[in-house]
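Coordinate inspection notes
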Amino acid sequence: MEYIILASIGFFAALTPGPDVIYVIRQGLCKGKTSAFWAVLGILSGNILYLSLVGIGLGSVGKSPYFQAVVGVFGGVYLLKIAFTVLKEKVNIDKSCDNYKKFEIYKQALLLNLSNPKAMIFFAVVVTPFMSKNLFLSLIFLFLGISAAFITAAYFSSKLNIEEKIMNIVNKISAVLFLFFSVSLFLTALKALLVIIK
């Protein structure tokens, strides 16, 4: 059940309007399914790199109660900030098209994703409560949720005219999920602090 929750959080987090999903949607709206999927491939390549770094770094350090307390507090604050930012944000999709070739779209999407170090922080924050479980499965389910979101965005943006109103609804759902997950991280930090105090 926890892994399904993690995949759902990855799904809605990826759909939250930001540079990556907006880039995919623009490619779908402007140039169709093929261009949108090249953009998804670039973004997911960056996510694989980030998740690998998180997996390597958190594999040994992540089970420390000190680490869980620090990440739980800072991660909870970070997700709380994201929740309120996303809740207040109004989406504006730029539908102007560019004429990039497939590999250029891939490269731009990859660089767009890698230029956002908040992604790795977000992955570390999201995976932390699942440290006592299986880190590898946590990363896989998180990646599956993210992948499903970007593939969904690519597919529907190439088939439909996604309106800003729909993306604003996604914002509201995402904000609520971030809020609940923020509380979960604060509870993780509290449990870790109780272990440290004993």
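Residues numbered from 1 in each chain as written. Predicted model: local features only at pLDDT ≥ 70, side-chain atom pairs only at ≥ 80, totals over all residues. Heavy atoms only, no water.

1. A closer look at the packing of helix 2 (residues 19–31) against helix 5 (residues 102–114)
Two elements in contact, helix 2 and helix 5, have axes separated by 9 Å at closest approach and are oriented at 160°. Classified by the interaxial angle, the pair formed by helix 2 and helix 5 is roughly antiparallel. When the axes of helix 2 and helix 5 are compared, the crossing they make is right-handed. Between helix 2 and helix 5, the contacting residues are Pro19, Asp20, Tyr23, Gln27 and Lys31 on the first element and Ile105, Gln108, Ala109, Leu112 and Asn113 on the second. Among the residues forming the contact of helix 2 with helix 5, the class breakdown is five nonpolar, three polar and two charged. (Axes fitted to C-alpha atoms, helices over the stretch in contact; angles between N-to-C directions. Helix = DSSP H or I, 4+ residues; strand = E, 2+ residues; numbered from the N terminus. Parallel < 35°, antiparallel > 145°, perpendicular 65-115°, else oblique. Left-handed = near helix turned anticlockwise from the far one by under 90°. Contact = heavy atoms within 4.5 Å. Nonpolar A, V, L, I, M, F, W, Y, C, P; charged D, E, K, R; others polar.)

2. Re the nonpolar core
With 45 residues, the main nonpolar core has Val24, Leu79, Phe122, Phe123, Leu142, Phe150 and Phe178 as its most contacted residues. Elements with a minimum of two residues in this core: helix 1 (2–15), helix 2, helix 3 (33–61), helix 4 (65–88), helix 5, helix 6 (118–127), helix 7 (135–159) and helix 8 (164–197). Contact partners of Leu142, with chain neighbours within four places excluded, come to Leu6, Gly10, Leu51, Phe123, Val126 and Val127. (Core = buried A, V, L, I, M, F, W, Y, C linked by side-chain atoms within 4.5 Å. Buried < 20%, exposed > 50% of the residue type's maximum accessible area, 1.4 Å probe, protein only.)

3. Concerning helix 5
Taking 1.5 Å of rise per residue, 13 residues should cover 18 Å, and helix 5 covers 18 Å from first to last C-alpha, within 8% of that figure. Listed as buried for helix 5 are Ile105, Tyr106, Ala109, Leu110 and Asn113. Down the axis of helix 5, the buried set is contained in an arc of 130°. They therefore lie on one face. Residues of helix 5 that are exposed and angled more than 90 degrees away from the buried face: Phe103 and Leu111. (Expected span 1.5 Å × (residues − 1). Arc of directions from axis to C-beta.)

4. Examining the environment of Asn47
Counting through the fold element by element, Asn47 comes out in helix 3. For Asn47, a relative accessible area of 3% gives the class buried. Sequence spacing of Asn47 and Leu114 is 67 residues, and the spatial spacing of their C-alpha atoms is 8.1 Å. Engagement of the side chain of Asn47 in a polar contact is seen with the side chain of Asn113, the distance being 3.2 Å. (Polar contact = N/O pair within 3.5 Å; in protein donor to acceptor, adjacent residues only side chain to side chain.)

5. Observations regarding the packing of aromatic side chains
The geometry of an aromatic ring pair comes down to the distance between the two centres and the angle between the two planes. This model, assessed by the stated rule, comprises five aromatic pairs. Ring pairs connect the aromatic residues Trp38, Phe103 and Tyr106, which therefore count as one cluster. (Phe/Tyr/Trp six-rings, centres within 6.5 Å; stacked < 30°, edge-to-face > 60°.)

6. Section: the environment of Ala192
The residue Ala192 is located in helix 8 in this model. If we skip the residues at most four places from it in the chain, Ala192 touches Pro65, Gln68 and Ala69.

7. Here's the deal with helix 4
Its 24 residues give helix 4 an end-to-end C-alpha distance of 34 Å, which sits within 8% of 34 Å, the value for a rise of 1.5 Å per residue. Those residues of helix 4 not exposed but buried are Gln68, Ala69, Val71, Gly72, Gly75, Gly76, Tyr78, Leu79, Ile82, Ala83 and Val86.

8. Regarding the packing of helix 2 against helix 7
At their nearest, the axes of helix 2 and helix 7 sit 7 Å apart, and the two run at 30° to each other. The angle between helix 2 and helix 7 places the two elements in the roughly parallel class. The two elements helix 2 and helix 7 cross, and the hand of that crossing is right-handed. Taken together, the residues of helix 7 that come into contact with helix 2 (itself represented by Asp20, Val21, Val24, Ile25, Gly28 and Leu29) are Phe150, Ala153, Ala154, Ser157 and Ser158. When grouped by side-chain class, the residues that make up the contact of helix 2 with helix 7 number seven nonpolar, three polar and one charged.

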